[in-house]
Amino acid sequence: QVQLVESGGGLVQAGGSLRLSCVASGRTFSSMGWFRQAPGKEREFVAAVSWRGDSTDYADSVKGRFTISRDNAKAMVYLEMNSLKPEDTAVYYCAASSRASLWRYAYAYDYWGQGTQVTVSS
């Protein structure tokens, strides 16, 4: 049974940092991604990483502040978030895809975690 479990969310002041983690069990995946959904808004792409970790993609809104990485030996994917802003407040979801390319579209991902709340106060 495939399962993705996120952790690391919380409350942080603007300018602060958080590190989200996601552990994937049940099988291995080609690409992994992070998405987020704020109240009243659609789910949006944040970042994606390839199987080897040598290729990444970021939404313009987080580029230069967030870093995605993965450790296949531990079946983990991470999202290091720095210089957080109140507009980063959302539920963050880990997603896994069997497709080799990096995708910004939610439909390209086969499995999803339950989400972890990130709240950035001003």
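Residues numbered from 1 in each chain as written. Predicted model: local features only at pLDDT ≥ 70, side-chain atom pairs only at ≥ 80, totals over all residues. Heavy atoms only, no water.

Peer 1: Can you walk me through the overall build of the protein in this structure?
Peer 2: Looking only at helices and strands, the protein features zero helices and 11 strands. Listing every helix and strand of the protein by position from the N terminus yields β-β-β-β-β-β-β-β-β-β-β. Computed over C-alpha atoms, the radius of gyration of the protein comes to 13 Å, within 12% of the 14 Å expected from 2.2 N^0.38 for 122 residues, which places it in the range of a compact globule. Principal axes of the C-alpha set define a box for the protein whose edges measure 40 × 25 × 25 Å. Considering the protein as a whole, with its 122 residues, one finds that 43% of them fall into the buried category. Partitioning the intrachain contacts of the protein with sequence separation of at least 6 by distance along the chain shows that 59% fall at a separation of at least 24. Of note, the protein has its 13 positive side-chain charges centred 3 Å away from the centre of its 11 negative side-chain charges. (Helix = DSSP H or I, 4+ residues; strand = E, 2+ residues; numbered from the N terminus. Rg over C-alpha atoms; globule rule 2.2 N^0.38 Å. Buried < 20%, exposed > 50% of the residue type's maximum accessible area, 1.4 Å probe, protein only. Contact = heavy atoms within 4.5 Å. Lys, Arg positive; Asp, Glu negative; His and termini not counted. Charge placed at Lys NZ, Arg CZ, Asp CG, Glu CD.)

Peer 1: What's the story with the sheet that holds strand 8 (residues 76-81) in this structure? I'm lost.
Peer 2: Either a parallel or an antiparallel arrangement is found when strands of a sheet pair, and the pairing is made through backbone hydrogen bonds. With antiparallel pairing, the four strands of this open sheet are ordered in space as 1-3-8-7. The outermost strands of the open sheet, each flanked by one partner alone, are strand 1 (3-7) and strand 7 (66-71). The average undirected angle you get between the axes of adjacent strands in this sheet is 15°. Judged from the six bridges that link them, strand 7 and strand 8 form a sheet pairing that is antiparallel. The residue bridging Ile68 from the neighbouring strand is Leu79, located in strand 8. (Pairing = 2+ DSSP bridges. Axes fitted to C-alpha atoms, helices over the stretch in contact; angles between N-to-C directions.)

Peer 1: For this particular structure, what's the right way to read the packing of aromatic side chains?
Peer 2: Aromatic ring pairs: the centre-centre distance and the angle between the two ring planes describe each pair. The final tally for this structure, using the stated rule, is six aromatic pairs. Relative to Tyr107, the ring of Tyr105 lies with its centre 5.5 Å away and its plane at 10°, an arrangement referred to as stacked. Taking the relative accessible area as the measure of exposure, Tyr107 reaches 61% and is therefore exposed. A network of ring pairs unites the aromatic residues Phe35, Phe45, Tyr109 and Trp112 as a single cluster. Residue placement shows Arg43 over the ring face of Trp112; its charged tip is 4.8 Å from the ring centre. (Phe/Tyr/Trp six-rings, centres within 6.5 Å; stacked < 30°, edge-to-face > 60°. Lys NZ or Arg CZ within 6 Å of the ring centre and 35° of its normal.)

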